[in-house]
Amino acid sequence: MSLVLPPLSLYVHMPWCVRKCPYCDFNSHAAPELVPQAQYIDALLEDLQNDLAAAQGRPLTSIFFGGGTPSLFAPDQVGRLLEGVRRQLPFDPSIEITLEANPGTIEHGRFSGYRDAGVNRVSLGAQTFNEEQLKLLGRIHGAGDIARAVEELRQAGLDNFNLDLMYGLPAQSVSQALEDLERALALQPTHLSQYQLTLEPGTVFYHRPPALPDPDDCWQMQIDCQELLATRGYEQYEVSAYARTGRRSRHNLNYWEFGDYIGIGAGAHGKLTRPDTGGAIVRTARVKQPREYLSRTANSRVSEHRVVPAGDLPFEFMLNGLRLIEGFDEQTFESRTGLSFAVLTESVSQAERRGLLERDGDRHWRATVDGQRFLNDLQELFLPS
């Protein structure tokens, strides 16, 4: 089998936030009194040059500003970065450019500036509308800030926006999770991401865990929220993602479909297909600490450049593809890994026998309802032996 170049995206990591949340295990850092915005944008544009050859002429189908809190950066700096990227890489005519924003860091008129800079999609970190829960999560915004941010978005003409919600919060009941979702839906987002709170190693919550709901209650929250979203016209297309028709996240879909992405910025990760260098799939990473990232020369910001062994590719593909409700097809697996689907025969058969995976059509597969519930168990079946 031969590799086929998949679509290409760009991830831009903005590492600073106002305050580190106790549940967060992302590479984020409390912002200094004065964020070195111009210096960081200069470094990002230099960093991009490290992976230009890997683009191999492909246009960018999406750009995602993640963090941290990208909305700490002024619109003119975001615009300067996008102009610099466009000079180095072509943009797909329908490119999706998403900016993550914290409702507590948005000043009046700022979204208009982001729109003028080229941003056409925003992801708001709402998390919950319950004031007590927001305090427990260490968030700097209140429920009213979420509604105000959405109003700012609409005034700026940015109608394509996502709301991030969490469930399974400390002492949360099923009815409270549904109330949260109702308040989110009242704001009519085009996309909604809903994640269960998990205690990740290295976080404050992991070392001082709060009292979380019973796992069965969390499962009931998920089921009830899925049903409510379906009745309101939001189609679930990934374990945690729901969208109105035509509003699926192009950037996240590219991850889940094992596409390519360049990652620039402190701690950013990338995945690149290189048939021009012997058919390898390469994983990249940048140095994590913002101060170190800024102090290094352009090419020394790359801390990892690793060829993925062929034996690891089935698991890496399934780690993403099995999250999609519609599943994956054998042809995509073969074209994006360079492997024959036959290498999965034993794992697929075992997953079928356990009721975690099912065939959907001639060469298409998807996780069953049990497979979605016990996704980690299903994914582990594809680990290298």
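See the structure shown above.
Q: Please explain the sheet that holds strand S17 (residues 364-367) as it appears in this structure.
A: Backbone-to-backbone hydrogen bonds pair the strands of a sheet. The strands run either parallel or antiparallel. If you walk across this open sheet you meet the three strands as S15-S17-S16, and the pairing is antiparallel. The open sheet has two edge strands with one neighbour each: strand S15 (328-329) and strand S16 (357-359). Both S16 and S17 contribute to a ladder of three bridges, which runs antiparallel. The partner of Glu358 across the bridge, within S17, is Arg366.

Q: Is there a simple way to think about the packing of aromatic side chains in this case?
A: Each aromatic ring pair is summarised here by two numbers: the centre-to-centre distance and the angle between the ring planes. Using the criterion set out here, one finds 14 aromatic pairs in the structure. Ring geometry for Tyr11 versus Phe64: centroids 6.3 Å apart, planes at 20°, classification stacked. Of this pair, Tyr11 sits in strand S1 (residues 8-14) while Phe64 sits in strand S4 (residues 60-67), and the two are 53 residues apart along the sequence. An aromatic cluster of at least three residues, connected via ring pairs, comprises Phe258, Phe317, Phe328, Phe333, Phe341 and Trp365.

Q: Quick question: what am I supposed to make of the nonpolar core here?
A: Buried together is how nonpolar side chains tend to be arranged in soluble globular proteins. Core analysis: the largest hydrophobic core is formed by 64 residues, its most contacted members being Ile63, Phe65 and Phe111. Take this core: its biggest share by element is six residues, from helix H1 (residues 37-48). Those residues in contact with Phe111, other than ones at most four positions away along the chain, are Ala101, Ile106, Val122, Leu124, Ala149, Glu152, Leu153, Ala156 and Leu158. Membership of the second largest hydrophobic core comes to 24 residues, among which are Val239, Phe328, Ala367 and Leu381.

Q: Sorry if this is basic, but what is going on with helix H3 (residues 75-88) here?
A: An α-helix turns once per 3.6 residues; consequently, residues spaced three or four apart project the same way. The end-to-end C-alpha separation of H3 is 20 Å, in line with the 20 Å expected for 14 residues at 1.5 Å each. By the burial criterion, the buried members of H3 are Pro75, Gln77, Val78, Gly79, Leu81, Leu82, Gly84 and Val85. Where H3 is buried, its residues meet S1, H1, S4, strand S5 (91-101) and helix H4 (110-117).

About the cut-offs
Residues numbered from 1 in each chain as written. Predicted model: local features only at pLDDT ≥ 70, side-chain atom pairs only at ≥ 80, totals over all residues. Heavy atoms only, no water. Pairing = 2+ DSSP bridges. Helix = DSSP H or I, 4+ residues; strand = E, 2+ residues; numbered from the N terminus. Phe/Tyr/Trp six-rings, centres within 6.5 Å; stacked < 30°, edge-to-face > 60°. Core = buried A, V, L, I, M, F, W, Y, C linked by side-chain atoms within 4.5 Å. Buried < 20%, exposed > 50% of the residue type's maximum accessible area, 1.4 Å probe, protein only. Contact = heavy atoms within 4.5 Å. Expected span 1.5 Å × (residues − 1).

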